[in-house]
Amino acid sequence: MIAAPDPEKTFQLSRAELAVFHRDVHKLLVDLELLLGIAKGLGEDNQRSFQALYTANQMVNVCDPARPETFPVAQALASKFFGQRGGESQHTIHAIGHCHIDTAWLWPFKETIRKCARSWVTAVQLMEQNPEFIFACSQAQQLEWVKSHYPGLHAQLQEFACRGQFVPVGGTWVEMDGNLPSGEAMVRQFLQGQNFFLQEFGKMCTEFWLPDTFGYSAQLPQIMRGCGIRHFLTQKLSWNLVNSFPHHTFFWEGLDGSHVLVHFPPGDSYGMQGNVDEVLKTVTNNRDKGRTNHSAFLFGFGDGGGGPTQTMLDRLTRLRDTDGLPRVQLSSPKQLFSALESDSGQLCTWVGELFLELHNGTYTTHAQIKKGNRECERILHDVELLSSLALARSTQFLYPAAQLQHLWRLLLLNQFHDVVTGSCIQLVAEDAMCHYADIRSHGNALLSTAATALCAGEPGPEGLLIVNTLPWKRTEVLALPKPGGAHSLALVTVPSMGYAPVPAPISLQPLLPQQPVFVVQEVSPSRSCRARAVLGCSNNLEILSSDLEQVARWGLGGDGGEVPTDSASRPPFTKTDGSVTLDNGIIRVRLDPTGRLTSLVLVASGREAIAEGAVGNQFVLFDDVPLYWDAWDVMDYHLETRKPVLGQAGTLAVGTEGGLRGSAWFLLQLTPNSRLSQEVVLDVGCPYVRFHTEVHWHEAHKFLKVEFPARVRCPQATYEIQFGHLQRPTHYNTSWDWARFEVWAHRWVDLSEHGFGLALLNDCKYGASVRGSVLSLSLLRAPKAPDATADVGRHEFTYALMPHKGSFQDAGVIRAAYSLNFPLLALPVPGPAPATSWSAFSVSSPAVMLETVKQAETGPESQSRALVLRLYEAHGSHVDSWLHTSLPVQEAILCDLLERRDPAGHLPLQDNRLKLTFSPFQVQSLLLVLQPPEN
């Protein structure tokens, strides 16, 4: 079923028939089928089973197919049986019409539009013929497609929504993946979805509807609650490979303590057909049937659409209240959750993430889609910030609301759970890459427009604006464009969420105090040792002018000064084994002749981060042949096939040779068909070493990872998730621990013991693991179904390694990962850039992240000069923080994630500062109404 489709496949229609539908015969067949199902399902120990069997036998005896007048007699026998009622204690099954349509999967987006039309026309016909039939429909994107392509059908759906038969659910733009989208992207799923449902159907959804996805972030409860949702329905947890999830109805407590009521259908399907065995399984399989007496039953063909049929409705109607079976009622999501809430006093609570023990290959499959997702999340973040600042600074600037909505909806569409995960066919992947290209192209144009508006200078020669889109001051090495396509390196300082002019040419003296450090190619004693000085910042060390003179004699800025090989003048760490050492005064990195990391030292303390006798930056190949779901799964037994890739000595060479940046690079033949090249880079003042990687990948069923054995011991590792982080075990003590052999993370993973730790950062990867003391980042897979071309080709990505003193919170790991993912921008502007630096926002506490700045989209503020700011507590602490702004703020009000004002949320503005109080991992949204522009 999941093999790559054959576009040349054809079908031949050989026969078509017209037939007369006899409803009375159909009813007899439904009754007979249900009776036989009851006989089988209840078993030989049940009296009701024999009654069903004998009733069916009598019906066959009295019914003569050649004599229609015998049909009513057989019908009466069935009616007598089904008319015998059950007791008041019977479990109630809430049967909800449903048509799960994957927004893309084994078919492209354009086919989904037709699937929606065909399926919902059928639903409309059923609603017309069955007034009690209720149909639940999720995914605003699909409804928007139908509105655009089939406006008449959309009008019918609106009419049946008014009657209460067509029920929009979910509140999101698409049924997104629950792991990979950023926190802000998840908020936008609800913001775009809820606003669409309100506009088109007059109300927002009160339940999050996500039957099929590949995991559930621990921040989803908080995001749901912030978007007006208290109930959650899903089904995929029943797919757990190792441990059976212990609940079907429970409260879910998120990372910040938020609670939602969760139900997943005990029948283990969101595409039931109304058969007796499904009804019985819904009760017997329910792990909370002693705590609540209600269950959901989603019926209708799904995944590829189709939805409910009249036969399914006839079955469920016949089983409405029959002795020996649970009660069945045609119901709505609201009725279901109202009943569950009335029974909720004894429900259990699950704390933290809902980890799906399957489909963990989706964290890595189709790496280009993963990269496009991360890049486009960054681009939209930067565009919104700069556009917001331009709106506040310029009376002529028009915020690009419509363009941004279009680009956001493209990104949200690609976050559907079979697209961003890579579990789709090649046609879908190609569409996704086109969407990312559109976002990049239009996003960069919008960045340029906003930068020009920020400058708004007099006409003159083209300038360059250096922009920092993160909420803290940054001093970093930046490559500045020069005429002819060349670049020059500069050490720039840019204030938080603001800009700075291009710095003057770098000289040594203004950089004092600095630590002279080196990039050293360590060669044989018969040759001179070539040292390249690199300026590195250190808070703990000062240098003397005599030190600078010695550095100058060794050579600066790539001028290639020779260093005598005698021990008196050679840098003290030089060896003669062909390795390379990079040192910026903060960290010292030593690479062996094949590019592996043999040492990573935190200079101030002298603490070594690499495990004794081990090497880091070790590339490892695994055989990757899952049992069935090729693009989806990686099985635990792949770990038994670990094969380290060994490089060839002598391939390591110095790249950038001094000044503000030092680097070394090497080539590595991964297999006869695949190769890798990498530049290892250390910048002045940077607390982490970067690994810029290019891979030409041509494999089948192989898995490429990179490993870093750490000189750190801890039973838990920390992984970044949306708006926060969580811990997972580094051991396999229990089956629950073992099932998490491959997990997901966003920008960083950290392993820390008291006083010291090692963090692994990345710019576009999501699969990771920490086993024992080995940090592992998953880089590339090579599945062949449903896309035979998945991951084949060229890839570029960067990861980084950061040793640190103390906790990762105090050491700035979170900020470092942000900096890696949000580089400083050098934006050309048509006129001269401002001569001085400027900052729009800053936050007093490093625990609080100002994640988003955008124009308000809802309420009266959307028609005026109003901004929405999203902040979250990132350390896991209670903290008070001051938000400082230089913008002309007239009013500040707390709001929810849908940008609705909190009536008690007015905040006093004191000296352009706002005081905000956070609990651990709390997300807060703030509405800033700007003062009207002066005439």
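In the block above lies the structure referred to throughout.
Quick question: what am I supposed to make of empty space enclosed by the protein here?
Scanning all chains against the criterion turns up 8 cavities of 30 Å³ or more. Approximately 280 Å³ is the volume found for the largest cavity. In this structure, the largest cavity is lined by 26 residues; those nearest its centre are Ser182, Glu377, Arg747, Phe822 and Glu851. No other element matches helix 12 (residues 367-393), which puts 6 residues into the lining of the largest cavity. Considering only residue class, the lining of the largest cavity consists of 10 nonpolar, 7 polar and 9 charged.

I'm lost on the sheet that holds strand 35 (residues 774-780) in this one. Help?
Hydrogen bonds between backbone groups are what pair the strands of a sheet, and the pairing can be parallel or antiparallel. Strand order in the open sheet formed by 6 strands is 23-22-28-35-34-31, and the pairing between neighbours is antiparallel. A strand with exactly one partner marks an edge of an open sheet, and here the two such strands are strand 23 (643-644) and strand 31 (743-744). Pairing between strand 22 (residues 618-623) and strand 23: 2 bridges, direction antiparallel. Residue valine 620 lies in a different strand from strand 23, and its bridge partner there is proline 644.

I'm lost on the packing of helix 7 (residues 183-201) against helix 13 (residues 401-414) in this one. Help?
The relative placement of two packed helices is expressed as an angle between their axes plus a distance between the axes. One can describe the packing of helix 7 onto helix 13 by two numbers: an axis separation of 10 Å at closest approach and a directional angle of 110 degrees. The angle between helix 7 and helix 13 falls in the class roughly perpendicular. In the crossing of helix 7 with helix 13, the sense of the turn from one axis to the other is left-handed. In contact with Glu184, Ala185, Arg188, Gln189 and Gln192 of helix 7, helix 13 contributes Gln405, Trp408, Arg409 and Leu412. In terms of residue class, the contact of helix 7 with helix 13 is built from 3 nonpolar, 3 polar and 3 charged.

Help me understand helix 14 (residues 426-455), please; the structure alone is not making it clear to me.
An α-helical segment advances 3.6 residues per turn. Residues three or four places apart therefore align on the same side. Over its 30 residues, helix 14 extends 44 Å from the first C-alpha to the last, a length consistent with the 44 Å expected when each residue adds 1.5 Å. Residue alanine 456 follows helix 14 closely and has a positive phi angle near 45 degrees.

What is the right way to look at the environment of glutamate 873 in this model?
Secondary-structure assignment places glutamate 873 in strand 41 (residues 866-873). Along the sequence, glutamate 873 and cysteine 348 sit 525 residues apart, while their C-alpha atoms lie 28 Å from each other. Not counting the four nearest positions on each side in its chain, glutamate 873 is found in contact with Phe723, Ala847, Val879, Phe918, Ser919, Pro920, Phe921 and Gln922. Within the local environment of glutamate 873, its side chain forms a polar contact with the backbone nitrogen of phenylalanine 921, the two atoms lying 3.0 Å apart.

So, how was this worked out
Sequence order as written defines residue numbering, which begins from 1 separately in each chain. pLDDT decides what is reported in this predicted model: residues at 70 or higher carry local features, side-chain atom pairs at 80 or more are listed and counted, and totals for whole chains, interfaces and linings draw on all residues regardless. Computation of side-chain values covers all heavy atoms of the structure but excludes hydrogens and water. Buriedness of a pocket was judged along seven lines, with at least five required to meet protein on both sides within 12 Å; pockets are open sets of points on a 1 Å grid over the protein atoms alone, cavities are sets where a 1.4 Å probe fits but cannot get out, and lining residues have an atom within 4 Å of a point. Grid points are joined across faces, edges and corners, and a volume is the space filled by probe spheres set on the points. Working definition: helices are DSSP H or I runs of at least four residues, strands are E runs of at least two. Numbering for both runs from the N terminus. Under the scheme applied here, ten amino acids are nonpolar (Ala, Val, Leu, Ile, Met, Phe, Trp, Tyr, Cys and Pro), four are charged (Asp, Glu, Lys and Arg), and all others, including Gly, are polar. Pairing between strands is defined by DSSP: at least two bridges between the two strands are required. Note on geometry: axes are C-alpha line fits, over the in-contact stretch for helices, and angles between N-to-C directions span 0 to 180 degrees. Roughly parallel refers to an angle under 35 degrees, roughly antiparallel to one over 145, roughly perpendicular to one between 65 and 115, and oblique to any angle outside these ranges. Each crossing gets its hand from how the near helix is turned against the far one by less than a right angle, where anticlockwise is left-handed and clockwise is right-handed. Whether two residues are in contact is decided by their heavy atoms, any of which lying within 4.5 Å being enough. Expected helix span is taken as 1.5 Å per residue step, with the number of steps being one fewer than the number of residues. Any pair of nitrogen or oxygen atoms within 3.5 Å is treated as a polar contact; in protein, a donor-acceptor pairing is required on top of that, and neighbouring residues in sequence qualify only through side-chain atoms on both sides.

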